[in-house]
Amino acid sequence: MPETIYGQIGAVFMVATCAFALLKGDEPERIAGGVFALTWFATLLIQVDGDLYSVQWGIFYLDLVLLAVFAALVWKSRRAWPVWASAFQLLTVMGHIMNMTDMRPPIAAFYAVINLAAYGIMACLAVGTFWAWQDRRAAGLE
């Protein structure tokens with residue numbers, strides 16, 4: 001569980017965004033919200049807190065799965081937000097790859113990129129869910 005107040009605030013945003021996507025979104029938003037929440041919870045379970053400077057392979061594989069889900073949403077849906085979410089997730093994957101290839105950026109920069117990319121994904125998901133919800137309301141389906 002997040003130990004700092006910043007981690008707890010981020011967790012509130014994560015849960016709120018994913019809940020909004022699951023409750024008010026269409027199928028692409030629900031898929032993305034569900035997978036994003038599952039990978040976030042899985043990351044909390046498999047991360048090694050004491051080893052900050054080495055590659056955490058489990059988290060890298062989870063980030064690859066999330067990138068594949070976003071890429072599939074880009075391929076199959078007609079919405080714009082999955083393209084942006086995929087771009088943010090690709091930043092996270094590239095951060096891992098930089099760490100793997102010994103291009104050792106400062107570890108604070110690495111974690112800053114990963115955290116800011118996560119907030120970017122949450123913003124994309126929230127905006128996409130809002131647009132889908134408003135489209136359904138305008139069509140009289142809700």
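Structural data are supplied above this passage.
Just so it is clear, the structure is predicted and the values come from calculations on it, not from any experiment. (Residues numbered from 1 in each chain as written. Predicted model: local features only at pLDDT ≥ 70, side-chain atom pairs only at ≥ 80, totals over all residues. Heavy atoms only, no water.)

Novice: Just checking my understanding: could you explain the overall build of the protein for this structure?
Specialist: For the protein, the helix and strand inventory stands at five helices and zero strands. The C-alpha atoms of the protein give a radius of gyration of 16 Å, which matches the 14 Å a tight globule of 142 residues would have. In terms of its C-alpha atoms, the protein occupies a principal-axis envelope of roughly 55 × 30 × 20 Å. Buried residues in the protein amount to 38% of all 142 residues. (Helix = DSSP H or I, 4+ residues; strand = E, 2+ residues; numbered from the N terminus. Rg over C-alpha atoms; globule rule 2.2 N^0.38 Å. Buried < 20%, exposed > 50% of the residue type's maximum accessible area, 1.4 Å probe, protein only.)

Novice: For this particular structure, what's the right way to read a nonpolar patch on the surface?
Specialist: A cluster of nonpolar residues, Ile5, Tyr6, Ile9, Phe13, Leu116 and Tyr119, forms a patch on the protein surface that exposes about 690 Å² of accessible area. Listing elements by their share of the nonpolar patch, those giving two or more residues are α1 (5-24) and α5 (107-138). As for its position among the elements, Tyr6 is in helix α1. Note on Tyr6: relative accessible area 69%, which makes it exposed. (Patch = residues over 30% accessible without salt bridge, like charges linked within 9 Å, V, L, I, M, F, W, Y side chains within 5 Å. Areas by Shrake-Rupley, 256 points an atom, 1.4 Å probe, with all protein chains shown as cover. Salt bridge = Lys/Arg side-chain N within 4 Å of Asp/Glu carboxyl O.)

Novice: Is there a simple way to explain the side chain of Arg136 in this structure?
Specialist: Note on placement: Arg136 falls in helix α5. There is a polar contact of 2.5 Å between the side chain of Arg136 and the backbone oxygen of Lys24. With residues near it in sequence (within four places) discarded, Arg136 still touches Lys24, Gly25, Asp26, Leu141 and Glu142. (Polar contact = N/O pair within 3.5 Å; in protein donor to acceptor, adjacent residues only side chain to side chain. Contact = heavy atoms within 4.5 Å.)

Novice: Help me understand the side chain of Glu29, please; the structure alone is not making it clear to me.
Specialist: As for its position among the elements, Glu29 is in helix α2 (residues 27-46). Among the polar contacts made by the side chain of Glu29, one reaches the main-chain amide nitrogen of Asp26 at a distance of 3.0 Å. Engagement of the side chain of Glu29 in a polar contact is seen with the side chain of Trp81, the distance being 3.0 Å. Not counting chain neighbours up to four residues away, the residues in contact with Glu29 comprise Ala21, Arg79, Trp81, Leu125, Gly128, Thr129 and Ala132.

Novice: Explanation requested: the pattern of salt bridges in the structure shown.
Specialist: Think of it this way: side chains of opposite charge can pair up when their charged atoms draw near. Inspection of the entire model under this criterion finds three salt bridges. One salt bridge in this structure joins Arg136 and Asp26, with 2.5 Å as the shortest N-O distance. Remark: Asp26 occurs in the loop between α1 and α2 and Arg136 occurs in helix α5; sequence separation between them is 110 residues. Of the charged contacts in the structure, one is a salt bridge between Arg79 and Glu29, with a shortest N-O distance of 2.9 Å. With Arg79 in the loop between α3 (57-76) and α4 (81-100) and Glu29 in helix α2, this pair connects stretches of sequence that are 50 residues apart. A relative accessible area of 29% means that Arg79 is categorised as partly exposed. Counted as one network, the salt bridges with shared partners bring together Asp26, Glu29, Arg79 and Arg136.

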